[in-house]
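So you can see what is in the structure, the chains are spelled out below.
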Amino acid sequence: MSTRERGYQRVGDFALESGAVLRGVVQAYHLDGALNEARDNLVLIVHALTGSADAAGDWWADAIGPAKTIDTDRYAVLCTNLLGSCYGTSFDGWDDDDRPHPPITTRDQARLIQLLIEELGIASVALVTGGSLGGMVGLEWAAQNPALARSVVVLAAPSAHTAHAIAWNHIQRRMIDAAGERGLEIARMIGMMTYRTPGEQAQRFGRGRTEQGDWTVGAYLDHHGRKLRERFTVRAYRTLTGAMDSHDVGAGRGGIGAALRRIEGRLVGIGIPGDLLYSADDVRAWTEAGGAEYREIRSIHGHDAFLLETGQVAEILEDALRSAEPAGAGGYER
């Protein structure tokens, strides 16, 4: 993971949708580029399940920076660490033991992000985007702030978490219940099987074996399980998969169509044919209900294409930024 220095917003008390109140909340973030004088050149990027707040220095580094798809000479790029994650955002009372967090929802995560946007004095957001959990939180943020963003791009994410996806998260959490940190490794392996496709596995691994005689696909899964255990926590994984399960943009808003049709900016949903976790049909359904645009990423990779198909993603984001009013570069010190 990136070691670039983060910024921190000291929020204090923060009431959750459940009614629980978190004390001493601190929100970690990266802000790359400079806000202009009009405060209207912000791009908000929301990370996925195990991602960090450092989109520009880590998981979307190819897309963010001077002269890149999201040009930091022109735009200020904000990425926060989601509430419940373990990459900088924190709150009091859960540092010294293994108690689970109170239930945290995508609505809670979106509201916390908005507190930082308000503190920064943002008049208008040029683009909001994210994939998977990041797409869910981005969509929820847009529903909460329907007049604030000029363009919203949601990649590989549903408008409400499906029974199929909830079931996969349930299995992963039960594995953690049974085996703790070793269970986290196996949960990651289970997750990887929903992020990639049989076609990719056949092409990449086939029936190959390692020098030790193990199946290469198994060694690949073991590697990713170990990597996650080394950089993530059981509690964060449980909390964030629970937030995913809570996700339902239409709940309490008159349904998906009513919730999304209030969004004033351009809204685009990106489906990935072959995505085993959130099908292209799921994405198409909410775009149709919400009067949004539907586009696709074509890839053998499946769900993870929003991270791997950099060329197609760049084309989508460039189009979204062109559709937003031009923003100037430079301005205030951060």
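Residues numbered from 1 in each chain as written. Predicted model: local features only at pLDDT ≥ 70, side-chain atom pairs only at ≥ 80, totals over all residues. Heavy atoms only, no water.

K.L.:
Outline the sheet that holds strand E6 (residues 76-80), supporting the account with residue identities and numerical values.
P.N.:
Spatially, the eight strands line up as an open sheet ordered E1-E2-E6-E3-E7-E8-E9-E10, and their pairing is mixed. Each end of this open sheet is capped by a strand with a single partner; those strands are strand E1 (7-15) and strand E10 (293-296). Sheet twist, expressed as the average angle between the axes of neighbouring strands with direction ignored, equals 20°. Relative to strand E9 (residues 266-271), strand E8 (residues 151-155) is paired through five bridges, and the arrangement is parallel. (Pairing = 2+ DSSP bridges. Helix = DSSP H or I, 4+ residues; strand = E, 2+ residues; numbered from the N terminus. Axes fitted to C-alpha atoms, helices over the stretch in contact; angles between N-to-C directions.)

K.L.:
An account of the side chain of Asp-32 is needed here, citing residue identities and associated values.
P.N.:
Here Asp-32 shows up in strand E2 (residues 21-32). Looking at Asp-32, the relative accessible area reads 15%, which means it is buried. Within the structure, Asp-32 has its side chain in polar contact with the side chain of Arg-4 (distance 2.8 Å). (Buried < 20%, exposed > 50% of the residue type's maximum accessible area, 1.4 Å probe, protein only. Polar contact = N/O pair within 3.5 Å; in protein donor to acceptor, adjacent residues only side chain to side chain.)

K.L.:
I'd love a proper account of the packing of helix H3 (residues 163-195) against helix H6 (residues 234-246), names of residues and values included.
P.N.:
With their axes 14 Å apart at the nearest point, H3 and H6 run at an angle of 30° to one another. Tallied by class, the residues present in the contact of H3 with H6 amount to nine nonpolar, five polar and six charged. (Nonpolar A, V, L, I, M, F, W, Y, C, P; charged D, E, K, R; others polar.)

K.L.:
I'd like to hear about the packing of H3 against helix H5 (residues 216-231), residue by residue, with values.
P.N.:
Relative placement of two packed helices is described by the angle separating their axes and the distance separating the axes. Close contact between H3 and H5 brings their axes to 8 Å; oriented N to C, the two are set at 125°. As summarised for this structure, H3 and H5 are arranged oblique, according to the angle between their axes. Relative to H5, the crossing made by H3 is right-handed. The segment H3 lies against H5, with Glu-181, Leu-184, Glu-185, Arg-188, Met-189, Met-192 and Met-193 engaging Tyr-220, Leu-221, Asp-222, His-224, Gly-225, Arg-226, Leu-228, Arg-229 and Arg-231. The class makeup of the residues in the contact of H3 with H5 is seven nonpolar, two polar and seven charged. (Parallel < 35°, antiparallel > 145°, perpendicular 65-115°, else oblique. Left-handed = near helix turned anticlockwise from the far one by under 90°. Contact = heavy atoms within 4.5 Å.)

K.L.:
A description of the pattern of salt bridges should follow, citing residues and the corresponding values.
P.N.:
For the structure on display, the rule yields 19 salt bridges. One salt bridge connects Arg-253 with Glu-140, and the closest N-O pair in it is separated by 2.6 Å. Of this pair, Arg-253 sits in the loop between H6 and helix H7 (256-261) while Glu-140 sits in helix H2 (residues 133-144); the two residues are 113 residues apart in sequence, bridging distant segments of the chain. The class of Arg-253 is partly exposed, set by a relative accessible area of 22%. Note that Arg-266 is salt-bridged to Asp-319, the shortest N-O span being 2.6 Å. Residue Arg-266 is located in strand E9, and its partner Asp-319 is located in helix H10 (residues 310-323); the two are separated by 53 residues in the primary sequence. Linked through salt bridges whose partners overlap, the residues forming this network are Arg-266, Glu-293, Arg-295, Asp-319 and Arg-322. (Salt bridge = Lys/Arg side-chain N within 4 Å of Asp/Glu carboxyl O.)

K.L.:
Lay out the packing of aromatic side chains with the relevant residues and their values.
P.N.:
Within a pair of aromatic rings, the relevant descriptors are the distance that separates the centres and the angle that separates the planes. Taken as a whole and assessed by the stated rule, the structure comprises four aromatic pairs. Taking the centre distance of 5.4 Å and the plane angle of 35° together, the rings of Trp-59 and Trp-60 count as tilted. The exposure classification of Trp-59 matches that of Trp-60, with both residues buried. Aromatic pair Phe-232 and Tyr-237: ring centres 6.4 Å apart, planes at 90°, arrangement edge-to-face. By relative accessible area, Phe-232 is classed as buried at 5%. Following the ring pairs from residue to residue traces out a cluster consisting of Tyr-87, Phe-232 and Tyr-237. Positioned above the aromatic ring of Trp-215, the side-chain terminus of Arg-209 is 3.6 Å from the ring centre. (Phe/Tyr/Trp six-rings, centres within 6.5 Å; stacked < 30°, edge-to-face > 60°. Lys NZ or Arg CZ within 6 Å of the ring centre and 35° of its normal.)

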